[in-house]
Each structure stands twice: as structure tokens, then as C-alpha cells.
Amino acid sequence: MKKACRFCIVILLFLSVSSFHPKGAPAFWSYTADTKKVTVRTYYKDRKGERIDNLHALKSHIEGGGKKMLFAMNCGMYSTTYTPVGLYIEGGKPYSGIRRCNTAKANFCLQPQGVFYVRTDGRAGISTVQSFSAKGVRYATQSAPVVVQNGKMNPKLPRGLQLVRNGVGIRKDGKVVLAISREGVNFHEFAQFFIGQGCTTAMYFDGNISQAYYPGRVTPYNASFGAMVAVVQ
């Protein structure tokens, strides 16, 4: 397991990347996606069956297919060989199954463990591992912990270290909020961000190693990841 993983908005348009930084609160970059107008999905392997190594390669992969990558970041935790830890489904094909654990020693095992999924009709959601059903699911990635449930912070959530963290939330209207902190945040601050965006549920993807792509951001995007999530048009 990679040591880094350890199992580890003012919104102008639905296509806009937002910098959310109210006075006294941590800063985030986020993207709110209307799945009726854009596609949100995960990526792991390319057309040759080879792993897409980083965000730069993902952009080339997507735009080489005639589409535009509007936003992207890593999603879920991975092993030393970059294979997804826990459930991963892409294009309806399961690459790995659900992995259950319960310990405060690893983020991946914090409760409840969650699954971010996208159905065949494009609608996205977040489910606990216990209640997840793969029926009608085209893309899915497992991670933990679920930080927001029913619009409130998960009461079991530890405060945690101050790290750059990224994750996903689902608003009441079904829109998907993808976000990464611009500075170190703990789990409580991370959850509060998604609550502030109107998310009824939200899930942590990974931390410390996380990166995000959005137009205009200057970065090499060369960190290697397992699975990644992107907003595509």
C-alpha cells in the first residue's frame, strides 16, 4: 500500500469551477455538475486496457476521443500497484469487489464506508457499503468515510489531521459537487464545506496526495493515481 494512501462556490454556470473561501473558512476548488447536461464518470484503464497514469494522460485520453475534460481529480484509494482498493466498476465491468473493514487506524476503514456511483442513465449518488446495490450501476468507486449523511456531519467522524483532501457530494437536486481543498483541512472542516454547498451526502476520496485539473490552473498534473473521476462534455 502506498504510504501516501494508507488504505488509505460562487457558482456562475453549471460549467464553472468555483473557489469557495468565506471569511475564516478553508479554501476549496470545486465543480458543480448537472448530470443532465454533462457526464460525470470514473476512469482507470484506456482503450488498450492500460492504466491511465495521471491527470495529464486522462485529459489526452478524453480529448483524443473528441470530448472536453472540464474538471478531474483522483478518486478512491489504491495499492502499491495502483489497483483500486475496494469496489471499482467501470463501464459496468467490476474490476474489484467491496472490501469491508472497521478500524480507526485507516481512513479506508472509517465508518461508514461509502460508494460513489453513476447509473446507466447518468444519475449519480453515494451509498454506504451496507446498502449499495450494483444493479443499474455503470461506474462506482469505494472509499471512506462518508462525511455527510442526511445533510448533517457524520457523528462518528474523527477530526483528523490537517491535509489537502478531496471528495464528492450529492445535492438535494441531484447535482454532483466535486471538491479539493486548497490547503490542509481536517475531516470536520471537509464535511462542513459540503454541507455549505447544500449536499445531503458526501464522501471522502483521499488526502495529502490529491490533485485536481481545471482549465487555467497551472500544474504539471504528473502524480500517478489509480482511478480518477472527470466531468466531460
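In the block above lies the structure referred to throughout.
First, a word on what this report is: a plain description of the structure on this page.

Thresholds applied
Residues numbered from 1 in each chain as written. Predicted model: local features only at pLDDT ≥ 70, side-chain atom pairs only at ≥ 80, totals over all residues. Heavy atoms only, no water. Helix = DSSP H or I, 4+ residues; strand = E, 2+ residues; numbered from the N terminus. Buried < 20%, exposed > 50% of the residue type's maximum accessible area, 1.4 Å probe, protein only. 1 Å grid on protein atoms, 1.4 Å probe; cavity = no way out; pocket = protein on both sides within 12 Å on 5 of 7 lines; lining within 4 Å. Points joined across faces, edges and corners; volume = space filled by probe spheres on them. Nonpolar A, V, L, I, M, F, W, Y, C, P; charged D, E, K, R; others polar. Core = buried A, V, L, I, M, F, W, Y, C linked by side-chain atoms within 4.5 Å. Contact = heavy atoms within 4.5 Å. Pairing = 2+ DSSP bridges. Disulfide = S-S within 2.5 Å.

Quick word on the environment of F193
Consideration 1: By the secondary structure assignment, F193 is in helix 2 (residues 187–196).
Consideration 2: On the basis of relative accessible area, F193 is assigned to the buried category, the value being 3%.
Consideration 3: When the C-alpha atoms of F193 and G169 are compared, they prove to be 9.8 Å apart, with 24 residues separating the residues in sequence.

Some thoughts on unusual backbone geometry
Consideration 1: In this model, Q111 is joined to P112 through a cis peptide bond whose omega is -5°.
Consideration 2: Mapped onto the elements of the fold, P112 is located in the loop between strand 6 (93–96) and strand 7 (114–119).
Consideration 3: In this structure, Y82 is a non-glycine residue whose phi angle is positive, near 70°.
Consideration 4: Topologically, Y82 is positioned in the loop between strand 4 (69–74) and strand 5 (88–90).
Consideration 5: Positive phi outside glycine occurs at N208, with the angle close to 75°.
Consideration 6: You can see N208 is positioned in the loop between strand 14 (199–207) and strand 15 (212–213).

A look at empty space enclosed by the protein
Consideration 1: Considering only enclosed or pocket space, the largest cavity measures out at about 50 Å³ in volume.
Consideration 2: When its residues are assigned to classes, the lining of the largest cavity shows eight nonpolar, four polar and no charged.

Section: the nonpolar core
Consideration 1: With 28 residues, the main nonpolar core has F71, F116, V168, L178, F205, V229 and V231 as its most contacted residues.
Consideration 2: For this core, the secondary structure elements donating two or more residues are strand 2 (28–33), strand 4, strand 7, strand 8 (124–128), strand 12 (165–171), strand 13 (176–181), strand 14 and strand 16 (228–232).
Consideration 3: Contact partners of V229, with chain neighbours within four places excluded, come to V40, R41, T42, F71, A72, M73, N74, C75, F116, L178 and F205.
Consideration 4: Counting residues in hydrophobic clusters, the runner-up holds 22 residues, among them M77, C109, L157 and F194.

Topic: the pairing of strand 3 (residues 39–43)
Consideration 1: Most of strand 3 is tucked away: four of the five residues are buried.
Consideration 2: Both strand 3 and strand 16 contribute to a ladder of five bridges, which runs antiparallel. The residue bridging R41 from the neighbouring strand is A230, located in strand 16.

A word on the state of the cysteines
Consideration 1: According to the stated counting rule, one finds one disulfide in the structure shown.
Consideration 2: A sulfur-sulfur distance of 2.1 Å marks the disulfide that ties C101 to C109. Because the torsion about its S-S bond is -95°, the bridge between C101 and C109 counts as left-handed. Each member of the pair, C101 as well as C109, carries the same accessibility label: buried.

Structural notes on the sheet that holds strand 4
Consideration 1: Read from one edge of the open sheet, four strands run 3-16-4-15, paired in antiparallel fashion. One side of each edge strand has no neighbouring strand; the edge strands of this open sheet are strand 3 and strand 15.

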